[in-house]
Amino acid sequence: MKSRTFNYAGKKLKAYYKTAGKGYEVGVCHGTKTLFVGNFIHANEATNWYNLMGKEIHRFSRKFQGWNAEPTRFHWKFVSNTLYKHYYDFLNRCFGQHTKNFHREFNKNVKTFQRMKREWSPREVAYTRRAA
């Protein structure tokens, strides 16, 4: 498990990265309150998000540093919503890459199937039947 601590309005935010079952979990907590949790299947995506999340927290704390009072429920909700916004933007970039890769592989498989199909005799063709 990896973790980092960030300061926001004089309070500590703890970011963590750990394994969760067969996947990975990345999150941010303030004390016992969880502000953000993201789950990943691939370790490299989880690591990339963990690093990007640290930059986003740092950027957020510099951009919105004008809080004079004690952070309220609004402040924590603002941090949480900002992290989720960047998280889903990150996932959209990852899914776009996965979609492109799977479409490319699918098209290769279809071409191979069509090439192999021309060489089959009618007796080699097997049809699928519904089982009762």
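Residues numbered from 1 in each chain as written. Predicted model: local features only at pLDDT ≥ 70, side-chain atom pairs only at ≥ 80, totals over all residues. Heavy atoms only, no water.

1. Topic: helix H1 (residues 43–63)
Put simply, the rule reads: Helix numbers and strand numbers start at the N terminus; a helix is a DSSP run of H or I with at least 4 residues, a strand a run of E with at least 2. An expected span of 1.5 Å times one less than the residue number is assigned to each helix. Accessible area is worked out with a 1.4 Å probe on protein chains only. A residue is then buried under 20% of its type maximum, exposed over 50%, and partly exposed in between. The contact criterion used throughout is that any non-hydrogen atoms of two residues lie within 4.5 Å.
Between its first and last C-alpha atoms H1 spans 30 Å; for 21 residues at 1.5 Å apiece the expected length is 30 Å, and the two agree. Inspection of H1 places Glu 45, Ala 46, Trp 49, Tyr 50, Met 53, Gly 54, Glu 56, Ile 57, Phe 60 and Ser 61 among the buried residues, and these make up the whole buried set. If you follow the buried residues of H1, they end up packed against strand E1 (2–8), strand E2 (11–20), strand E3 (23–30), strand E4 (33–40) and helix H2 (73–117).

2. Remarks on the sheet that holds E2
This is how it is decided: Between any two strands, pairing holds if DSSP finds at least two bridges. A fitted line through C-alpha atoms serves as each axis, taken over the contacting stretch for helices, and the angle formed by two N-to-C directions is quoted from 0 to 180°.
Here 4 strands make up an open sheet; going across it, the order is E1-E2-E3-E4 and the pairing antiparallel. Either end of the sheet is taken by a strand with one partner, and the two such strands are E1 and E4. When the angles between neighbouring strand axes are averaged without regard to direction, this sheet yields 15 degrees. With 7 bridges joining them, E1 and E2 adopt antiparallel strand pairing. Looking across to E2, one finds that Tyr 8 is bridged to Lys 11. H1 contacts E1, E2, E3 and E4 of the sheet and is inclined by roughly 15 degrees relative to E1. Running over the sheet, H2 touches E1, E2, E3 and E4 and is turned about 5 degrees from E4.

3. Concerning the pattern of salt bridges
Worth spelling out the cut-off: A carboxyl oxygen of Asp or Glu within 4 Å of a side-chain nitrogen of Lys or Arg is what we treat as a salt bridge.
In the structure shown here, the tally under the stated rule is 3 salt bridges. Between Glu 56 and Arg 59 there is a salt bridge whose closest N-O contact spans 2.9 Å. Of this pair, Glu 56 and Arg 59 both sit in helix H1, 3 residues apart, roughly one helical turn. Owing to a relative accessible area of 43%, Arg 59 belongs among the partly exposed residues under this scheme.

4. Quick notes on the confidence of the model for the protein
Note the following rule: Predictor confidence is given residue by residue as pLDDT, running from a minimum of 0 to a maximum of 100.
When pLDDT is averaged across the protein, the result is 87; 90% of the residues are at 70 or more. Per-element confidence in the protein is highest for E3, whose mean pLDDT is 95, and lowest for E1, whose mean pLDDT is 87.

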